[in-house]
Amino acid sequence: MAIVAIDGPAGAGKSTIARALAKRLGVQYLDTGAMYRAVTAEALRTGRHLDDSSAIGSLARECDLHVGLDLVTIDGRDVTAEIRTPEVTAAVSIVAAHSSVRTEMRRRQREWGDARGGGVIEGRDIGTVVFPDAALKVFLTTSPRVRAERRVAQSGGDVDQVEMAIVERDRLDSTRPDSPLAESSDAVVVDTGHSSIDEVVDQIVALLGERG
Ligand code: DC
């Protein structure tokens, strides 16, 4: 089993689809957004300046980070719930823009994939930069409005405000110089706005079958 890269913007349904796909294929799944979120949670807790690339880079290199299916820990602290708080969500794009952090996260992600001989990996730059030779690259997306409506259905809030926050996070993620959010030229683009989770998973499994 090789790498299946699932990339796309916030709220496109990546986590739900990537988890379901990994289960269907009987392989492991890595949420790389959770890695950036855990580093952000620890940076906030320890009062580091978010724009201090050197301090946050040291934290990224030195921390003991575990991202499992249902448990995320950093330096032994369970941050599974904390990484989904609005504070972390608002700060994560700043932390994820530092090359010092990205270099280390990419190293850990490649190590994860190599140790398992593959798996389903979800993020923003998996097909473009982390695993450019992935067996299959899928770019999941849909309109900011639909993404905002989904987030509100999951966790509440005002749809206009959530949409504005999503558009801003997309902007930050796609304009950073180091490995920005972008479709790989060889990715299959899937609009998740009009299909159920099962339909998208079926489509990805069929694509994998076609590629042998
Ligand atoms: O997928 P998510 O919302 O949990 O991702 C959180 C943030 O992490 C997102 O704003 C961008 C960043 N990220 C990244 O830069 N590269 C990745 N491979 C995954 C996430």
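Rules of the game
Residues numbered from 1 in each chain as written. Predicted model: local features only at pLDDT ≥ 70, side-chain atom pairs only at ≥ 80, totals over all residues. Heavy atoms only, no water. 1 Å grid on protein atoms, 1.4 Å probe; cavity = no way out; pocket = protein on both sides within 12 Å on 5 of 7 lines; lining within 4 Å. Points joined across faces, edges and corners; volume = space filled by probe spheres on them. Helix = DSSP H or I, 4+ residues; strand = E, 2+ residues; numbered from the N terminus. Nonpolar A, V, L, I, M, F, W, Y, C, P; charged D, E, K, R; others polar.

Draft legend 1. Structural view of empty space enclosed by the protein. Under the counting rule described, the total for this entry stands at one cavity of 30 Å³ or more. In this structure, the largest cavity occupies an estimated 40 Å³ of space. Lining the largest cavity, in full, are Asp-7, Gly-127, Thr-128, Lys-137, Val-138, Phe-139, Ala-182, Glu-183, Ser-184 and Ala-187. Those elements giving two or more residues to the lining of the largest cavity turn out to be helix 6 (126-130) and strand 7 (136-141). Looking at the lining of the largest cavity residue by residue, the class counts come to four nonpolar, three polar and three charged.

Draft legend 2. Representation of the layout of surface pockets in the model. Here the second largest pocket is characterised by a volume of approximately 430 Å³. Considering the residues around the second largest pocket, the lining is formed by 20 residues, among which Leu-30, Val-67, Gly-68, Trp-112 and Arg-116 are closest to the centre. For the lining of the second largest pocket, the elements supplying multiple residues, two or more each, are helix 1 (14-25), strand 2 (29-31), strand 3 (65-67) and helix 5 (99-116). Here the element with the most residues in the lining of the second largest pocket is helix 5; it accounts for six residues. Of the residues contributing to the lining of the second largest pocket, the split by class is eleven nonpolar, three polar and six charged.

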